[in-house]
Amino acid sequence: MAIAKYGIVGIGMMGREHLINLHHLRDQGLSVVCIADPHPPSQLLATELARSFGWELKVFSGHQELLKSELCDVIVVSSPNMTHHQILMDIVNYPKPHHVLVEKPLCTTVADCKQVMEAAKKRSDMVVQVGLEYRYMPPVAKLIEKVKGRDFGNIKMVAIREHRFPFLVKVNNWNRFNVNTGGTLVEKCCHFFDLMRLFAGANPVCVMASGGMDVNHKDEVYDGKVPDIIDNAYIIIEFDNGCRGMLDLCMFAEGSKNEQEISVTGDIGKGEALVPEGIVRFGSRAEGREHVQTIKAEDERIKYEGLHHGSSYLEHLTFLSAIRGEGRADVDLDDGLMAVAMGVAAQLSIEQRRYVNIDEVL
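An unreviewed UniProt entry lists the protein chain under the name Gfo/Idh/MocA-like oxidoreductase N-terminal domain-containing protein, with Arabis nemorensis given as the organism.

When you look at the domain arrangement of the protein chain in this model, what are you seeing that I'm missing?
Here the domain parsing of the protein chain yields domain 1 (4-131) and domain 2 (134-302 + 332-360). At the boundary of domain 1 with domain 2, total buried surface from both sides reaches about 1700 Å², with 74% on carbon and sulfur atoms. Taken together, the links from domain 1 to domain 2 amount to one salt bridge. Residue Lys104 is joined to Glu187 by a salt bridge in which the shortest nitrogen-to-oxygen separation is 3.3 Å. Summed over the shared surface of domain 1 and domain 2, the number is four residue pairs in polar contact (both at pLDDT 80 or more). Looking at the side of domain 1 that touches domain 2, the elements with two or more residues in it are α5 (110-121) and β6 (128-131).

Whenever I open this one, the sheet that holds strand β14 (residues 293-296) confuses me. Can you help?
Remark on secondary structure: sheet strands pair via backbone hydrogen bonds, oriented parallel or antiparallel. As summarised here, the arrangement of the nine strands in space is β14-β13-β12-β11-β7-β10-β9-β8-β15, forming an open sheet in which the pairing is mixed. The strands lining the two open edges of the sheet, one partner per strand, are β14 and β15 (356-357). Of the pairings in the sheet, the one linking strand β11 (residues 260-266) to strand β12 (residues 269-275) comprises six bridges and is antiparallel in character. In the strand pairing of β12, Ile262 is matched with Ala273. Of the strands in this sheet, β7 (155-163), β11, β12, β13 (279-284) and β14 touch helix α6 (residues 138-148), which is tilted by about 165° from β12. Relative to strand β8 (residues 204-212), helix α11 (residues 333-352) is tilted by about 50°, and along the sheet it contacts β8, β9 (232-239) and β15.

Explanation requested: the environment of Ala346 in the structure shown.
Within the fold, Ala346 resides in helix α11. Between the C-alpha atom of Ala346 and that of Tyr234, which follows or precedes it by 112 residues, the distance is 9.3 Å. Not counting chain neighbours up to four residues away, the residues in contact with Ala346 comprise Leu185, Val207, Ala209 and Ile235.

What exactly am I supposed to notice about the UniProt feature "domain: Gfo/Idh/MocA-like oxidoreductase C-terminal" (unreviewed entry) in the protein chain here?
UniProt tags residues 145-358 as "domain: Gfo/Idh/MocA-like oxidoreductase C-terminal" (unreviewed entry). Across residues 145-358, the secondary structure splits into 27% helix and 28% strand, with the terminal C-alpha atoms separated by 28 Å.

Any chance you could explain the packing of aromatic side chains here in plain terms?
For any pair of aromatic rings, geometry is given as the distance between the ring centres together with the angle between the planes. Within this structure, the stated rule accounts for three aromatic pairs. With centroids separated by 6.2 Å and ring planes inclined at 85°, the aromatic side chains of Phe177 and Tyr222 adopt a geometry described as edge-to-face. Here Phe177 is found in the loop between β7 and α7 (178-181), whereas its partner Tyr222 is found in the loop between β8 and β9, with 45 residues between them in sequence. We note that Phe177, like Tyr222, is buried. Sitting over the face of the ring of Phe165, Arg164 holds its NZ or CZ atom 4.2 Å from the ring centroid.

Explanation requested: the pairing of strand β10 (residues 244-250) in the structure shown.
In terms of burial, β10 is a largely internal element, five of the seven residues being buried. Joining the antiparallel neighbours β9 and β10 is a turn of four residues, in which Gly242 adopts a positive phi near 90°.

I tried to follow the pattern of salt bridges on my own but got confused; where do I start?
Close approach of charged atoms allows side chains of opposite charge to pair. Scanning the model with the defined rule gives 19 salt bridges in all. Notably, a salt bridge pairs Arg281 with Glu272, separated by 3.3 Å at the nearest N-O pair. By relative accessible area, Glu272 is classed as partly exposed at 22%. A single salt-bridge network, built from bridges that share partners, covers Arg135, Asp194, Arg197 and Asp335.

Thresholds, definitions, all that
Residues numbered from 1 in each chain as written. Predicted model: local features only at pLDDT ≥ 70, side-chain atom pairs only at ≥ 80, totals over all residues. Heavy atoms only, no water. Domains from an automatic or database assignment. Buried area = accessible area lost by both parts, 1.4 Å probe. Salt bridge = Lys/Arg side-chain N within 4 Å of Asp/Glu carboxyl O. Polar contact = N/O pair within 3.5 Å; in protein donor to acceptor, adjacent residues only side chain to side chain. Helix = DSSP H or I, 4+ residues; strand = E, 2+ residues; numbered from the N terminus. Pairing = 2+ DSSP bridges. Contact = heavy atoms within 4.5 Å. Axes fitted to C-alpha atoms, helices over the stretch in contact; angles between N-to-C directions. UniProt positions renumbered as here; feature names shortened; annotations may be inferred. Phe/Tyr/Trp six-rings, centres within 6.5 Å; stacked < 30°, edge-to-face > 60°. Buried < 20%, exposed > 50% of the residue type's maximum accessible area, 1.4 Å probe, protein only. Lys NZ or Arg CZ within 6 Å of the ring centre and 35° of its normal.

Rendered as structure tokens:
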């Protein structure tokens, strides 16, 4: 088996998280050989980390030089959201094929996502996977399995609550502004819109949302500009099979036991996943409350929990299978596009205080 040689573009917090996950997967026949990032402190942290793993990295200040070096066959894109479009276009249009795992969101706008999709259609020699890894978290994966097994019947409602801490500080505070991130509902919530589509087994028709910036970042100023990213929202989505989804987002809820609480209800039963407790509960209408079962969801394949409860590790494992020809990308560009479109529609709904049909943004 040939060693898969990886390059990482964007080696900030998430880039280094990918580096650590890949280190824990080295027995799968891979190595990280190069990185690209314009920020010297990030370069230094990454090279020191890689050295501790016995990897000497070639360092580039931009993705163009990394591509031209032709040192790697696989590229992980974990740079700031607003840079994804240009980087992906350059990788996809480069003569030598590189398989790509791009962090979420795919791009910050629907138009950019579509352009990447069109270009990628011409490259049958490349696997492009989008980093919507929440579907691999063991409790969520268990819930997906039960939904696919029709344990709950026809899914009618999906309710997701994310109550968490505010956005972390990033290099040059790029994540404080909608223009860079695509907006909170694209940047953060694309994960949950992706899960809703999976659970509903359908595509969205229309979106209605209410939200605002009520607590966080209001006293921060960067280059004379005050952040404009919302910190709480309620979003309702109707799907083309009659299923409804609801997201309850709060980013000033550090006093929560769980960060994510996901509830999926069908016409015969219901399931819930709690993260980080790692618990799945499920029951049926026929048997009622007394017979609700609770299990601890675990996946013995995970060798590194990391920032996302082992889901990044499993994401890399499935991506590696796809690039070795053992299946297709688990989360493809269409999944990436739809998650962004739902976020864009929700942002528009808040802005204009109205229902938004998904066709308006697509």
